[in-house]
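Each chain, written out:
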Protein chains: 2
Amino acid sequence: MAKELKDVTKAEDNYSQWYNDLVVKAGLAENSAVRGCMVIKPYGYAIWEKMQATLDKMFKETGHENAYFPLFIPKSFFSKEASHVEGFAKECAVVTHYRLKNDPDGKGVVVDPDAKLEEELIVRPTSETIIWNTYKGWIQSYRDLPILCNQWANVVRWEMRTRLFLRTAEFLWQEGHTAHATQEEAIEEATRMIHVYEKFAEEWMSLPVIVGHKSPNERFAGAVDTLTIEALMQDGKALQSGTSHFLGQNFAKAFDVQYLNKEGKLEYVWATSWGVSTRLMGALIMAHSDNNGLVLPPKLAPIQVVMIPIYRGEEQMQTIVAKLREMADELRARGISVKIDDRDNVRSGFKFADYELKGIPVRLALGPRDLENGTIELMRRDTLAKEVVPQEGLTDRVVALMEDIQQNIYRKALEFRNSMITKVDTWEEFLDVLENKGGFISAHWDGTVETEVAIKEATKATIRCIPFDAPEEEGRCVFSGKPSHRRVLFARSY
Amino acid sequence: MAKELKDVTKAEDNYSQWYNDLVVKAGLAENSAVRGCMVIKPYGYAIWEKMQATLDKMFKETGHENAYFPLFIPKSFFSKEASHVEGFAKECAVVTHYRLKNDPDGKGVVVDPDAKLEEELIVRPTSETIIWNTYKGWIQSYRDLPILCNQWANVVRWEMRTRLFLRTAEFLWQEGHTAHATQEEAIEEATRMIHVYEKFAEEWMSLPVIVGHKSPNERFAGAVDTLTIEALMQDGKALQSGTSHFLGQNFAKAFDVQYLNKEGKLEYVWATSWGVSTRLMGALIMAHSDNNGLVLPPKLAPIQVVMIPIYRGEEQMQTIVAKLREMADELRARGISVKIDDRDNVRSGFKFADYELKGIPVRLALGPRDLENGTIELMRRDTLAKEVVPQEGLTDRVVALMEDIQQNIYRKALEFRNSMITKVDTWEEFLDVLENKGGFISAHWDGTVETEVAIKEATKATIRCIPFDAPEEEGRCVFSGKPSHRRVLFARSY
């Protein structure tokens with residue numbers, strides 16, 4: 001087994017270190033010289049590009065267009081929406097000057113005190129304010145609505161404790177910002193987009209998610225309602241993977257964006273915003289990986305099949321690699337991405353371990369005996385099952401396997417997630433499950449912020465969501481004993 | 001003619017205002033509330049996306065991978081490469097604090113003086129420093145080379161005078177950063193990439209460019225050699241459209257990046273960087289547009305064909321739109337992007353003018369008489385020529401027209417550009433051509449920075465490039481009279 005792989009901490013020993021080892025050793029990302037900012041390495045970025053391309057297509061199919069808004073936001077903009085400023089304008093990167101000059105006392109450069117900005121600029125932590133300030137100029141009448149824009153961008157939130165992909169000072173994301181004539185239309189849009197995220201998570205990331213409303217205390221700062229998709233990681237902690245906000249008329253009022261309706265009356269515009277980020281990379285890694293490394297769903301794997309020649313000597317190598325090239329061409333013709341690793345300065349054992357670490361869905365190894373027998377060795381990364389199969393029919397087999405692996409990873413995650421939703425009806429049970437099992441706790445809640453906050457302070461568990469499909473059920477709040485009409489899901493989370 | 005269009009300033013009256021009017025009125029971009037930062041609107045962003053997709057494919061075909069590096073660069077990094085700091089670390093956005101707090105004296109938020117950064121962070125104006133600091137960790141031996149990374153990102157240079165797309169404080173770009181074992185390989189890479197840009201400009205943007213070396217005074221800060229593609233705008237000014245730099249070992253030495261060569265000896269790594277930006281949008285607009293609006297080359301037009309029904313009454317409308325839908329489906333099956341504008345609250349005349357303004361390559365208008373005759377009216381945007389053509393064979397005709405328009409736009413720009421390269425051999429001629437004709441001036445230059453600077457100060461003309469294909473020719477410098485071995489191209493530029 002390769003040295004790199006040996007160094008991966010086992011998940012059961014230290015889950016958090018295991019995660020970090022995978023991210024770094026599989027070549028996905030690393031910390032940079034700037035505190036809290038990561039470098040996304042080529043292999044990690046290739047996965048993100050696949051996510052981007054898929055989501056972008058889904059956004060366009062639902063009628064959205066991309067645009068780009070400024071990186072900087074004038075400080076005063078944040079104060080215009082009362083709850084937004086509390087949530088976003090605090091821990092952020094502040095630009096105060098626009099020039100450096102040579103240090104008069106020696107080497108290097110210093111900030112030029114004469115180049116102080118009249119008003120400080122904030123590096124966007126999210127773009128509602130600058131976008132609604134822009135929309136004001138775009139909207140006069142109902143004919144200008146809806147506006148359905150999305151932006152792919154970097155944002156900065158000055159986090160104190162950071163973790164690659166999951167929580168970084170700078171991260172990449174998309175943020176949709178839409179403007180509508182009616183409340184109904186805006187709510188419909190926010191709902192449509194959370195289902196787009198759900199579909200992406202389940203069908204592309206093989207990640208089962210629970211869709212629901214956030215409780216008031218967990219809402220986006222400035223939203224009337226926040227919808228969320230919540231996933232479960234293998235350590236039993238939840239991970240919020242995407243959110244879609246119905247913003248009411250809050251930002252339209254803050255930036256005075258009104259439109260003339262069909263009756264010729266002025267009304268404030270209704271808004272939504274919705275986003276997913278490079279955090280999804282963290283979810284993907286944490287949900288499926290094992291102690292051998294990443295397990296990538298084929299639909300998001302930059303390399304879906306790796307081929308490794310097993311040989312002795314130059315001549316054998318050439319025959320075997322030529323055969324692999326033929327097979328690769330056939331697979332590529334079916335849309336499969338294939339890499340042939342014919343490096344001769346690296347042992348096969350190292351290659352095997354390295355591609356397991358990187359989560360390549362299928363590995364094919366061809367040796368001299370296979371050549372004689374018309375066979376090839378096939379390993380699937382999700383189960384680590386190895387079998388020798390005929391070369392004949394290989395392409396069809398691999399194409400079918402892609403779908404099979406995609407489904408299998410999903411099924412495994414779904415079974416685990418479902419086994420980790422526990423109904424509890426007493427506070428003792430609640431504490432017991434939280435400490436000894438983890439996962440989602442389905443419990444009654446009295447609907448008040450006080451109870452929500454008290455539970456969080458006592459246990460670090462929060463309401464992850466009120467699921468869309470939670471049935472009405474009379475009960476008593478697990479904490480306060482007050483009446484409740486439906487169960488909600490609690491969990492500790494990333 | 002539509003009101004919007006009437007408001008477009010004529011190019012001959014005020015070229016600069018004409019340009020700005022086109023950008024704003026065609027819906028490409030607008031200024032934002034943040035000085036010097038633009039909003040790229042959906043139609044403008046759709047063109048940029050096509051540029052991105054094409055370039056990204058060309059980069060990947062030449063072996064490059066995408067990655068992402070931090071937005072922020074520690075101030076001290078800039079001081080490490082002596083000439084780089086002079087060029088880039090001066091007019092830039094400086095982050096000094098990481099927190100705001102509620103204003104104790106009233107409403108709003110103020111910078112928290114307790115949250116001052118130990119070392120200021122610079123919003124990247126270009127990423128050589130942070131990337132070479134990262135590469136240090138990636139490179140040990142010759143086996144780790146080459147590294148061929150590209151990044152799509154936003155950058156900030158605090159420009160005093162800004163102009164949409166051409167010069168903005170924040171802009172979008174790609175920056176390739178490669179690391180090589182040998183000087184030859186790095187020079188080959190820098191050369192390969194300037195030719196990729198040349199191909200993109202000529203084949204996709206229909207923009208003829210001259211490829212060559214920059215003179216020392218116009219080099220990138222930190223480069224040993226800068227290669228450039230130079231285009232000519234319709235007002236006779238040049239526009240640098242892309243650059244590729246051979247950086248020698250300058251950044252490797254500044255960040256101490258060495259590798260063990262095959263002989264086991266430590267050597268500094270060789271570097272290149274290369275980039276194009278949203279400035280290309282400015283080049284595209286300025287090079288081809290006319291007083292009616294944009295003229296987009298079909299390969300970059302988000303909408304290639306617009307169809308407009310001409311009708312009286314609901315029933316006629318339905319028949320005509322149904323026919324257009326059939327035609328649109330046929331065109332789409334051939335990969336043409338088509339928009340049918342069947343809005344009934346907007347006059348056809350307004351639509352015609354609006355799509356001319358937006359530069360849609362082909363307009364098809366179908367009226368009741370066409371329906372009877374089996375014909376359709378076709379207008380091509382590049383020549384504004386209108387003809388009534390049979391519906392039969394329309395798809396083939398339009399497909400062929402796409403290529404024809406693409407070529408024709410290029411040919412027109414090339415003829416203009418070639419007519420605007422003037423050989424001069426005296427300083428009087430130089431001044432005369434510069435003032436009364438513009439364009440590129442092909443003249444002898446003695447090769448010194450002093451002469452280059454003196455000419456720039458006297459005339460605002462700079463050496464745009466020393467063309468790759470400039471033949472050896474003995475002559476005398478047009479300014480100093482000293483001997484020269486080849487002509488270079490001077491021009492005033494954007």
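Owing to the predicted nature of the structure, the values given are computational and were not obtained by experimental measurement.

Draft legend 1. Geometry of the sheet that holds strand E18 (residues 362–366) of chain A. Residue and element names in this part refer to chain A. Across the sheet, which stays open at both edges, the 5 strands sit in the order E17-E16-E18-E19-E20 with mixed pairing between neighbours. Where the open sheet ends on each side, the last strands, each with one partner, are strand E17 (338–340) and strand E20 (386–390). Pairs of neighbouring strands in the sheet enclose a mean axial angle of 25 degrees, with direction left out of account. Judged from the 4 bridges that link them, E18 and strand E19 (residues 375–380) form a sheet pairing that is antiparallel. Its bridge partner lying in E19, Arg363 is registered against Met379. Against the sheet, helix H11 (residues 348–357) contacts strand E16 (305–309), E17, E18 and E19, and its axis sits at roughly 175 degrees relative to E16. Each of E16, E18, E19 and E20 touches helix H13 (residues 394–419); the most contacted strand, E19, lies at about 10 degrees to it.

Draft legend 2. Region of interest: the pairing of strand E15 (residues 270–277) of chain B. All names here are of chain B. Among the 8 residues of E15, 8 are classified as buried, and the element is accordingly described as predominantly covered. Here E15 shows no split at all, with Trp270, Thr272, Trp274 and Val276 on one side and Ala271, Ser273, Gly275 and Ser277 on the other all buried. With 8 bridges joining them, strand E9 (residues 170–180) and E15 adopt antiparallel strand pairing. What sits directly across from Glu175, in E15, is Gly275. In this structure, strand E12 (residues 238–248) lies alongside E15, joined through 5 bridges in antiparallel fashion. Note that in E15 the partner of Phe246 across the bridge is Thr272.

Draft legend 3. Spatial organisation of the interface of chain A and chain B. Taken together, the contacts link 65 residues of chain A with 65 residues of chain B. Both sides of the chain A and chain B interface together cover about 5200 Å² of buried area, and 65% of this is carbon and sulfur. Considering only the surface of chain A that becomes buried against chain B, Tyr68(A), Tyr98(A) and Leu100(A) emerge as the three largest contributors, covering 12% of it. Here chain A and chain B share 4 salt bridges between them. Residues Glu49(A) and Lys60(B) are paired through a salt bridge, measuring 3.0 Å at the closest nitrogen-oxygen approach.

Draft legend 4. Region of the structure containing the relation of the copies chain A and chain B. Least-squares fitting of chain A to chain B yields an RMSD of 0.0 Å, with the superposition described by an axial translation of 0.0 Å and a rotation of 180 degrees. Considering both components of the superposition, the chain copies are consistent with a two-fold axis. Across chain A, the smallest distance between a C-alpha and the rotation axis is recorded for Val95(A), namely 2.1 Å. Residue by residue, 100% of the interface of chain A is reproduced at the interface of chain B, so both copies engage with the same surface.

Draft legend 5. Main features of the packing of aromatic side chains. Residues and elements named next belong to chain A. On inspection of all chains with the given rule, the structure shows 36 aromatic pairs over all chains. Ring centres of Phe69 and Trp138 lie 6.1 Å apart, and the angle between their planes is 35 degrees; on these two criteria the pair is classed as tilted. One end of the pair, Phe69, is in the loop between strand E3 (65–66) and strand E4 (72–74); the other, Trp138, is in helix H6 (residues 128–138), with 69 residues separating them in the sequence. An identical accessibility class is assigned to Phe69 and Trp138; each is buried. Ring geometry for Phe246 versus Trp270: centroids 6.1 Å apart, planes at 10 degrees, classification stacked. With Phe246 in strand E12 (residues 238–248) and Trp270 in strand E15 (residues 270–277), this pair connects stretches of sequence that are 24 residues apart.

Draft legend 6. Just the pairing of strand E11 (residues 225–232) of chain A, in detail. All names here are of chain A. A large share of E11 lies buried, amounting to 8 of its 8 residues. Alternating residues of E11 divide into Asp225, Leu227, Ile229 and Ala231 and Thr226, Thr228, Glu230 and Leu232, and every residue in both groups is buried. Sheet topology note: the strand E10 (residues 210–213)/E11 ladder contains 4 bridges and is antiparallel. Bridging from a neighbouring strand, Val211 pairs with Ile229 of E11.

Draft legend 7. Focus on helix H2 (residues 15–25) of chain A. Residues and elements named next belong to chain A. For H2, every residue scored as buried is listed here: Tyr15, Trp18, Tyr19, Asp21, Leu22 and Val23. Turning to H2, the residues buried within the fold contact strand E1 (29–31), helix H9 (279–288) and H11. Among the residues trailing H2, Gly27 stands out with phi positive, at a value near 80 degrees.

Draft legend 8. Representation of the nonpolar core in the model. Of all hydrophobic cores here, the largest spans 101 residues; its most connected members are Phe72(A) and Phe72(B). Beyond its immediate chain neighbours, meaning those up to four positions away, Phe72(A) contacts Val95(A), Leu121(A), Ile122(A), Val123(A), Ile130(A), Val34(B), Cys37(B), Ala93(B), Val123(B), Val156(B) and Trp158(B). Counting residues in hydrophobic clusters, the runner-up holds 68 residues, among them Trp18(A), Phe165(A), Met193(A) and Ala153(B).

Draft legend 9. Spatial organisation of the sheet that holds strand E18 (residues 362–366) of chain B. Residue and element names in this part refer to chain B. Spatially, the 5 strands line up as an open sheet ordered E17-E16-E18-E19-E20, and their pairing is mixed. At either margin of the open sheet sits one strand with a lone partner, and together these are strand E17 (338–340) and strand E20 (386–390). Here the average twist between neighbouring strands, direction ignored, is 25 degrees. In the packing of helix H10 (residues 313–333) onto the sheet, the strands contacted are strand E16 (305–309), E17, E18 and strand E19 (375–380), and the crossing angle to E16 comes to about 170 degrees. Together, E16, E18, E19 and E20 form the strand contacts of helix H13 (residues 394–419), whose direction differs from that of E19 by roughly 10 degrees.

Draft legend 10. Representation of the packing of H2(A) against H9(A) within the structure. Residues and elements named next belong to chain A. Relative to each other, H2 and H9 sit at 115 degrees, their axes nearing to 11 Å. For the pair H2 and H9, the crossing hand works out as right-handed. Judged by residue contacts, Tyr15, Trp18, Tyr19, Leu22 and Val23 of H2 engage Gly282, Ile285 and Met286 from H9. Tallied by class, the residues present in the contact of H2 with H9 amount to 7 nonpolar, 1 polar and no charged.

Parameters at a glance
- Residues numbered from 1 in each chain as written.
- Chains lettered and ligands numbered in written order.
- Predicted model: local features only at pLDDT ≥ 70, side-chain atom pairs only at ≥ 80, totals over all residues.
- Heavy atoms only, no water.
- Pairing = 2+ DSSP bridges.
- Helix = DSSP H or I, 4+ residues; strand = E, 2+ residues; numbered from the N terminus.
- Axes fitted to C-alpha atoms, helices over the stretch in contact; angles between N-to-C directions.
- Contact = heavy atoms within 4.5 Å.
- Buried < 20%, exposed > 50% of the residue type's maximum accessible area, 1.4 Å probe, protein only.
- Buried area = accessible area lost by both parts, 1.4 Å probe.
- Salt bridge = Lys/Arg side-chain N within 4 Å of Asp/Glu carboxyl O.
- Least-squares fit on C-alpha atoms with pLDDT ≥ 70 in both.
- Phe/Tyr/Trp six-rings, centres within 6.5 Å; stacked < 30°, edge-to-face > 60°.
- Core = buried A, V, L, I, M, F, W, Y, C linked by side-chain atoms within 4.5 Å.
- Left-handed = near helix turned anticlockwise from the far one by under 90°.
- Nonpolar A, V, L, I, M, F, W, Y, C, P; charged D, E, K, R; others polar.

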